[in-house]
Amino acid sequence: MNVILLGPPGAGKGTQAKRLEKRHKLVQLSTGDMLRAAVASGSELGQKAKALMDAGHLVPDDLMIAMISDRIDQPDCAGGFILDGFPRTTAQAEALDSMLAEKGLKLHSVIEMKVNDDILVGRITGRFTCAKCGAGYHDSFQKPKEPGVCDNCGGTEFKRRADDNEATVRTRLEAYHAQTAPILPYYSDKGVLKAVDGMAGIDEVTDQIEDVLGAA
Ligand code: AP5
Ligand code: MG
């Protein structure tokens, strides 16, 4: 099963992708995480992407399309994957269709996570992740059970993203509305788009996604 999670910054794509990974044995393909790894490694891609990401702008389509195509070819994706953060432009959506056709793969569902802009800044500026295993948390909405200790791996170090400040979030939201939201009609015309209420609590959103996956 190959699924796309589509939604603005802070919609909960990463949170829900991690849950789908565990429940359905799918691989989360987060282009944001891949780019952050490239930045941390200092690779050529990372050097090209860093300033754009820090400012909240999108990384060029050709780089993203090549990166995701290579990743889908890796053996761990054979059992299915969740695209989190890709596609983000019409050019990426069209390129994804071509690459899936070439690779003999199909899309099961495209799930839009609908969230109002006004709550996204709070979600993003309160976010942090475990430095060891990457589990995601929030200062108010998703605290570790024991303060300072990761529920998943027991790690005690946490980190916050360089682009998780209010000014950058506003630019990322503008990019979402200008460049990413226009791909919603592309998928609704194909009959694969389903929406969930991303304003609901984290567990309820998971239930809605499970309903979509079960029904499709
Ligand atoms: P990326 O890493 O994809 O960031 P994003 O799209 O801005 O989305 P986020 O990761 O910020 O949010 P999320 O939806 O995953 O929310 P989360 O689950 O963490 O991309 C970063 C940058 O990389 C881009 O700006 C761009 O520069 C570049 N890039 C990446 N892909 C690209 C592409 N394809 N093309 C071009 N450039 C690309 O949740 C947020 C917080 O809210 C968490 O703390 C969580 O605990 C909490 N939360 C989640 N759900 C709920 C809920 N239902 N209720 C309450 N709290 C919740
Ligand atoms: Mg994310």
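See above for the structure.
This text gives an overview of the structure that appears in the document. (Residues numbered from 1 in each chain as written. Chains lettered and ligands numbered in written order. Predicted model: local features only at pLDDT ≥ 70, side-chain atom pairs only at ≥ 80, totals over all residues. Heavy atoms only, no water.)

Moving on, we come to the sheet that holds strand E5 (residues 127-130). Each strand in a sheet pairs with another by means of backbone hydrogen bonds, the pair being arranged parallel or else antiparallel. In space, the three strands of this open sheet follow the order E6-E5-E7, with antiparallel pairing throughout. Edge positions in the open sheet fall to strand E6 (136-138) and strand E7 (158-159), since each of these has one partner strand only. Here three bridges tie E5 to E6, and the two strands are oriented antiparallel to one another. Within the sheet, the bridge partner assigned to Thr 129 lies in E6 and is Gly 136. (Pairing = 2+ DSSP bridges. Helix = DSSP H or I, 4+ residues; strand = E, 2+ residues; numbered from the N terminus.)

By nearness alone, 36 residues border ligand 1, and Thr 15, His 57, Arg 88, Arg 127 and Gln 142 come closest of all. One of the backbone N or O atoms of Gly 10 is found 2.8 Å from an oxygen atom in ligand 1. Between ligand 1 and Gly 85, the relevant distance is 2.9 Å, taken from a nitrogen atom to a main-chain nitrogen or oxygen of the residue. If ligand 1 stood free it would expose 1,000 Å²; the protein chains cover 95% of that surface. Here the element with the most residues in the shell around ligand 1 is helix H2 (residues 31-41); it accounts for four residues. Grouping the amino acids of the shell around ligand 1 by side-chain chemistry returns 15 nonpolar, 13 polar and eight charged. (Near = heavy atom within 4 Å. Polar contact = N/O pair within 3.5 Å; in protein donor to acceptor, adjacent residues only side chain to side chain. Areas by Shrake-Rupley, 256 points an atom, 1.4 Å probe, with all protein chains shown as cover. Nonpolar A, V, L, I, M, F, W, Y, C, P; charged D, E, K, R; others polar.)

Scanning all chains against the criterion turns up 16 salt bridges. With a shortest N-O distance of 2.9 Å, Asp 203 and Arg 19 are connected by a salt bridge. Of this pair, Asp 203 sits in helix H9 (residues 202-215) while Arg 19 sits in helix H1 (residues 13-24), and the two are 184 residues apart along the sequence. For Asp 203, a relative accessible area of 51% corresponds to the exposed category. One salt bridge connects Arg 23 with Glu 210, and the closest N-O pair in it is separated by 3.6 Å. Residue Arg 23 is found in helix H1, and its partner Glu 210 is found in helix H9; the two are separated by 187 residues along the sequence. You can call Arg 23 exposed: its relative accessible area is 51%. (Salt bridge = Lys/Arg side-chain N within 4 Å of Asp/Glu carboxyl O. Buried < 20%, exposed > 50% of the residue type's maximum accessible area, 1.4 Å probe, protein only.)

Okay, the side chain of Thr 168 next. Within the secondary structure, Thr 168 is located in helix H7 (residues 166-180). Residue class for Thr 168 comes out buried when judged on its relative accessible area of 6%. Residues in contact with Thr 168, not counting those within four places in the same chain, are Met 53, Asp 54, Ala 55, Gly 56 and Asp 163. (Contact = heavy atoms within 4.5 Å.)

What follows concerns the packing of aromatic side chains. In this structure the tally under the stated criterion is four aromatic pairs. Ring geometry for Phe 128 and Phe 158: centres 5.4 Å apart, planes at 85 degrees, overall edge-to-face. With a gap of 30 residues between them, Phe 128 in strand E5 and Phe 158 in strand E7 connect regions that are remote in the sequence. Consider the rings of Tyr 186 and Tyr 187, whose centres lie 5.2 Å apart with planes at 85 degrees: the pair is edge-to-face. By way of ring pairs, the aromatic residues Phe 128, Tyr 137 and Phe 158 are connected into one cluster. (Phe/Tyr/Trp six-rings, centres within 6.5 Å; stacked < 30°, edge-to-face > 60°.)

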